[in-house]
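# Examining the three-dimensional arrangement
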Amino acid sequence: MGVIQALPGTRDILPEKVSYWQWIESVARQILHRANYQEIRTPIFEATELFKRGIGEATDVVGKEMYTFNDKATPPRSVTLRPEGTAGVVRAFIERNLDAQSGVQRLWYTGPMFRYESPQAGRQRQFHQIGVEVLGSADPRADAEVIAIATDILQSLGLKNLRLDLNSVGNPEDRQNYRQALVDYLTPYKEELDPDSQNRLSRNPLRILDSKNQRTQEIARNAPSILDYLGTYSQQHFDRVQQLLTDLGIEYQINPRLVRGLDYYTHTAFEIQSDDLGAQATVCGGGRYDGLVGQLGGPDTPAVGWAIGIERLIMLLEELQSPPASTLDFYVVSRGEQAEAQALILAYKLRQSGFSVELDFSGSAFKKQFARADRSGAVACLILGEEEAASQSVKLKWMATREQQAIAQSELLQMQDELKRSILNLRA
Ligand code: ATP
Ligand code: MG
């Protein structure tokens with residue numbers, strides 16, 4: 001029988017890589033906690049209609065990339081694996097009346113997202129995001145705050161060659177005026193555009209600006225700029241966001257061709273790219289979406305947010321550094337029936353006292369167990385042979401110095417504070 005393999009575009013996150021994930025999660029969690037963002041966990045599948053209305057049928061995500069199927073309900077019900085996090089958060093915000101609870105909701109989430117894309121480096125079918133959504137503020141300070149948090153997370157992980165691209169897509173009225181100017185400019189080039197962009201000319205012409213096709217990009221380079229079509233409010237909002245970023249010491253560059261792929265964005269749009277990542281350079285994308293809550297049937301609520309792609313972030317981190325090393329305190333080796341039982345109990349009690357302890361289960365020769373203790377990265381090794389078992393003692397061996405002493409097991413369990421100090425010193 002053939003071996004069953006993981007589906008294309010999906011990946012196992014193996015133990016050797018998981019430390020990157022935990023590192024990113026803990027750095028992000030800390031930074032978000034300090035800014036008083038609350039975590040929210042929404043379902044991984046939702047009614048298909050939510051994404052159609054919330055993202056827009058003319059987008060690639062909804063038009064081509066969704067995992068959509070009928071579940072077993074009668075009559076049939078169409079459900080979709082979430083392709084992004086915002087729609088579900090907004091659905092929960094409306095359904096659970098989160099707006100009634102406080103003026104502004106600062107939320108964050110993390111988890112898997114699903115898009116039927118062509119798998120390649122940095123592009124998977126199941127991938128993961130960390131995202132934030134601030135609901136209930138139209139203030140440019142909210143835009144600046146979320147951008148600052150994204151920057152902070154990426155910098156705290158040690159990333160340096162980052163570029164923040166900033167744009168405003170105005171409000172729907174500004175965009176309507178711009179749309180006409182863009183179509184007028186592009187129509188004479190219609191035959192030269194890539195087929196996708198030709199299609200979009202009538203359906204979603206703004207999206208043509210972020211086509212990845214080279215000829216289309218050349219044509220788009222001289223297209224009119226949306227920034228020339230912003231109304232007074234949009235212009236003021238955009239100016240203020242820029243001023244605040246400057247005040248915060250965050251560098252950015254204006255990119256009038258930056259239009260997010262999703263229909264609900266208004267005003268601020270931004271992306272954070274890395275020059276170290278090659279083709280899939282964008283690690284974070286976000287912006288303001290003042291129209292979405294209303295579009296999904298909720299009370300008109302301005303909002304702004306972003307999402308970081310975790311796999312792309314890890315690709316960057318791997319180039320730069322390894323995650324913080326493992327932190328095993330004790331590796332316990334034992335041999336002989338009585339010694340093995342005592343070792344199990346000793347390990348259990350040490351863990352209850354707060355130490356991290358790995359017990360060698362192999363029963364193999366001490367020499368082999370010692371070799372594994374060396375590889376484990378433990379600060380100290382605890383050794384129980386027949387002699388120690390008979391006297392209820394244990395040998396404590398510090399790996400760095402190879403110093404070794406015999407002590408009673410009961411005494412070892414009582415010298416917690418001393419052991420913790422020694423371990424800290426040896427790690428430093
Ligand atoms: P792209 O233009 O690269 O397709 P996008 O505009 O579709 O990106 P968003 O919907 O804004 O991306 O998602 C935010 C982030 O999630 C992206 O910047 C990227 O880091 C990550 N991301 C999006 N799609 C994928 C994918 N298929 N595989 C891995 N990461 C992804
Ligand atoms: Mg995409």
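Structural notes, computed from the coordinates.

## Some details on the overall build of the protein
- Assigned secondary structure in the protein consists of 16 helices and 16 strands.
- Over its C-alpha trace the protein gives a radius of gyration of 28 Å, far above what one expects of a compact globule, namely 22 Å for 428 residues.
- Along the first, second and third principal axes, the C-alpha set of the protein runs to 90 × 60 × 45 Å.
- Looking at the protein alone, contacts between residues at least 24 apart form 70% of all its contacts between residues at least 6 apart.
- When the accessible surface of the protein is totalled, it reaches about 21800 Å², and 48% of it is carbon and sulfur.

## Here we look at the packing of helix α1 (residues 15-34) against helix α5 (residues 140-156)
- One can describe the packing of α1 onto α5 by two numbers: an axis separation of 10 Å at closest approach and a directional angle of 145 degrees. Considering the relative orientation of α1 and α5, their crossing is right-handed. Across from V27, A28, I31 and L32 in α1, the residues of α5 making contact are I149, D152, I153 and S156.
- Class assignment of the residues belonging to the contact of α1 with α5 gives a composition of 6 nonpolar, 1 polar and 1 charged.

## Here we look at the nonpolar core
- Counting residues in hydrophobic clusters, the biggest one holds 88 residues, and the most contacted among them are L135 and W306.
- Those residues within four positions of L135 in sequence are excluded, and the remaining contacts are V89, V90, F93, G103, V104, Q105, L107, Y289, V293, T301, P302 and A303.
- Counting 23 residues, the second largest nonpolar core, distinct from the first, contains L346, L359, A380 and W398.

## Quick look at the packing of α5 against helix α9 (residues 232-247)
- Between α5 and α9, the least distance of the axes is 9 Å, while the angle of their chain directions is 40 degrees. In this view, α5 runs oblique relative to α9, as classed from their interaxial angle. Crossing handedness for the pair α5 and α9: right-handed. Note on element contacts: α9 touches α5 through H237, R240, V241, L244 and L245, opposite P140, R141, D143, A144 and I147.

## Description of the packing of aromatic side chains
- Scanning all chains against the criterion turns up 5 aromatic pairs.
- Each ring, one from Y185 and one from Y189, has its centre 5.4 Å from the other, and the planes form 45 degrees; the classification is tilted.
- According to the relative accessible area criterion, Y189 is partly exposed, its value standing at 28%.
- Over the ring of Y116 we find R125, and its NZ or CZ is 3.9 Å from the ring centre.

## What about the environment of T48?
- Within the secondary structure, T48 is located in helix α2 (residues 48-55).
- For T48, a relative accessible area of 5% puts it in the buried group.
- Along the primary structure T48 and E358 are separated by 310 residues, whereas in three dimensions their C-alpha atoms are 46 Å apart.
- For T48, the residues in contact, after removing those within four places along its chain, are M66, T68, S78, V79 and T80.
- From its side chain, T48 meets the backbone nitrogen of V79 in a polar contact 3.3 Å long.

## A closer look at the pairing of strand β5 (residues 105-114)
- Burial runs high along β5: 8 of the 10 residues are buried.
- Here strand β1 (residues 38-39) runs beside β5; their pairing, made up of 2 bridges, is parallel. Across the sheet, residue Q38 finds its bridge partner in β5, namely L107.
- Direction of pairing for β5 relative to strand β6 (residues 126-135): antiparallel, over a ladder of 10 bridges. Along β6, the bridge assignment pairs T110 with I130.

## Things to note about unusual backbone geometry
- Residue T74 is joined to P75 through a cis peptide bond whose omega torsion reads -10 degrees.
- With respect to the helices and strands, the residue P75 is situated in the loop between β3 (67-70) and β4 (78-81).
- Look at H267: it is not a glycine, yet its phi comes out positive at around 50 degrees.
- Its location among the elements puts H267 in strand β9 (residues 266-274).
- With a phi close to 65 degrees, R402 is a non-glycine residue in the positive phi region.

## Considering the pattern of salt bridges
- A full pass over the atoms with the stated rule returns 24 salt bridges.
- R91 is paired through a salt bridge with E46; the nearest N and O atoms lie 2.7 Å apart. Of this pair, R91 sits in helix α4 (residues 86-95) while E46 is found in strand β2 (residues 45-47), placing the two residues 45 residues apart along the sequence.
- Of the residues examined, E46 reaches a relative accessible area of 9% and is grouped as buried.

Parameters at a glance
- Residues numbered from 1 in each chain as written.
- Chains lettered and ligands numbered in written order.
- Predicted model: local features only at pLDDT ≥ 70, side-chain atom pairs only at ≥ 80, totals over all residues.
- Heavy atoms only, no water.
- Helix = DSSP H or I, 4+ residues; strand = E, 2+ residues; numbered from the N terminus.
- Rg over C-alpha atoms; globule rule 2.2 N^0.38 Å.
- Contact = heavy atoms within 4.5 Å.
- Areas by Shrake-Rupley, 256 points an atom, 1.4 Å probe, with all protein chains shown as cover.
- Axes fitted to C-alpha atoms, helices over the stretch in contact; angles between N-to-C directions.
- Left-handed = near helix turned anticlockwise from the far one by under 90°.
- Nonpolar A, V, L, I, M, F, W, Y, C, P; charged D, E, K, R; others polar.
- Core = buried A, V, L, I, M, F, W, Y, C linked by side-chain atoms within 4.5 Å.
- Buried < 20%, exposed > 50% of the residue type's maximum accessible area, 1.4 Å probe, protein only.
- Parallel < 35°, antiparallel > 145°, perpendicular 65-115°, else oblique.
- Phe/Tyr/Trp six-rings, centres within 6.5 Å; stacked < 30°, edge-to-face > 60°.
- Lys NZ or Arg CZ within 6 Å of the ring centre and 35° of its normal.
- Polar contact = N/O pair within 3.5 Å; in protein donor to acceptor, adjacent residues only side chain to side chain.
- Pairing = 2+ DSSP bridges.
- Salt bridge = Lys/Arg side-chain N within 4 Å of Asp/Glu carboxyl O.

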